Amino acid sequence: MTSMKPVIGITTAIGEADNRGGIFRMEASYVEAVEAAGGIPILLPPSGAHAADVLALVDGLVFSGGGDIRPERYGDRELHPATYGISDLRDDFEFRLLEAAFATDVPTLAICRGIQVLNVVLGGTLYQDVSQQPTAPGEHRQPWEVGSWEKPLHAVDLVPGSLAATVLGDTQVATNSAHHQTLKEIAPGLRVVGQSADGTIEVVEAAGKRFVLGVQWHPEKMYAVHDEHARLFAALTAEATVYRAQKALGAVTAD
Ligand code: MN
């Protein structure tokens, strides 16, 4: 008998931009958070693989953090000096995968860079740097090291009744913060359901999808210490379990 545990694909980064033959890498915390939530984690390296072939292997997805999206993808021709770590290979793979996952309604948790990929794939834009926001930004970058990243840096207010508020069990959550880019114009199909006090968009979700949630912080660094962040991964694996069962019955079809 095969396991009822859902398989959760986690996207990975490339060590050196588009240097094929280099190193694929992703922090173990993503794997550990998925495993702690009862999922079977597998790493998905950026590749030219057909998105549908990759999706056939998984029951849910985590889009992980990392370097910035090439700004041309959301219509920005000028590179802000703070924009860093662009990988066209990673962008290409993740954009194709997320577009296909969205169409097929695969449960998706999009973290940090992931929420930005989610928004841009669906037609939204980004501030290349938080300093470009019209309102004075608060602090969104804390020291990124063991002993620091599990500590909250700012609060996020959640829309009552939203999927995010339901999963997190409150209308406010204390989060870490390690991003310098933020969401600007929100894509059609997404709605903002969480913001920090300075107006920074920290959570989006997709109406009409079983589970598409984007968060600008890093719950995988907090879940072991702050239980509410573990609930994000628990909700993902619960939805992925349902999706897995439906897939086995042949009840899942693309839009
Ligand atoms: Mn933040």
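Scroll up to find the structure.
Note that the structure is predicted; figures quoted are calculated from it, not measured.

Asker: Give me the lowdown on the overall build of the protein chain, citing residues and values where you can.
Answerer: What the protein chain contains, in helices and strands, is six helices and 13 strands. C-alpha extents for the protein chain along the principal axes are approximately 55 × 40 × 35 Å. Across the 255 residues of the protein chain, 52% fall into the buried class. A separation threshold of at least 6 residues defines the contact pool for the protein chain, and within that pool the share at least 24 residues apart is 70%. Only carbon and sulfur atoms are counted for the fraction: they give 54% of the accessible area of the protein chain, which is about 11000 Å².

Asker: Could you give me a rundown of the coordination of the manganese ion, with the residues and numbers involved?
Answerer: Those protein atoms acting as donors to the manganese ion are His140 (ND1), His154 (NE2), Ser177 (OG), His179 (NE2) and Glu202 (OE), and they sit at 2.2 to 2.3 Å. In primary-sequence terms, the residues that donate to the manganese ion follow H-x13-H-x22-S-x1-H-x22-E. Taken together, the residues His154 in strand 8 (residues 154-158) and Glu202 in strand 12 (residues 201-206) connect sequence positions 48 residues apart. Taken as a pair, His154 and Glu202 share a single burial class, namely buried.

Asker: I'd like a description of the pairing of strand 9 (residues 172-175), backed by residues and values.
Answerer: Side-chain alternation along strand 9 places Val173 and Thr175 on a buried face and Gln172 and Ala174 on a face that remains uncovered. The pairing of strand 8 with strand 9 spans four bridges and is antiparallel. Across the sheet, residue Asp157 finds its bridge partner in strand 9, namely Gln172.

Asker: Describe the environment of Thr135, listing the residues and the values that go with them.
Answerer: Within the secondary structure, Thr135 is located in the loop between strand 7 (126-127) and strand 8. A sequence separation of 99 residues divides Thr135 from Ala234, and the C-alpha atoms of the two residues are 34 Å apart. Of note is the side chain of Thr135, whose polar atom sits 2.9 Å from the backbone oxygen of Asp198.

Asker: Report on the environment of Thr108, specifying residues and quantitative values.
Answerer: Considering the arrangement of structural elements, one finds Thr108 in strand 6 (residues 108-111). Exposure remark for Thr108: the relative accessible area of 1% places this residue in the buried category. Thr108 sits 104 residues away from Val212 along the chain, and the two C-alpha atoms are 4.9 Å apart. Not counting the four nearest positions on each side in its chain, Thr108 is found in contact with Leu61, Phe63, Leu98, Ala101, Phe211, Val212, Leu213 and Leu236. In terms of polar contacts, Thr108 uses its side chain to reach the backbone carbonyl oxygen of Val106, at 2.8 Å.

Quick notes on the rules
- Residues numbered from 1 in each chain as written.
- Predicted model: local features only at pLDDT ≥ 70, side-chain atom pairs only at ≥ 80, totals over all residues.
- Heavy atoms only, no water.
- Helix = DSSP H or I, 4+ residues; strand = E, 2+ residues; numbered from the N terminus.
- Buried < 20%, exposed > 50% of the residue type's maximum accessible area, 1.4 Å probe, protein only.
- Contact = heavy atoms within 4.5 Å.
- Areas by Shrake-Rupley, 256 points an atom, 1.4 Å probe, with all protein chains shown as cover.
- Donors = N, O, S within 2.8 Å, 3.2 Å for Na, K, Ca; no water.
- Pairing = 2+ DSSP bridges.
- Polar contact = N/O pair within 3.5 Å; in protein donor to acceptor, adjacent residues only side chain to side chain.

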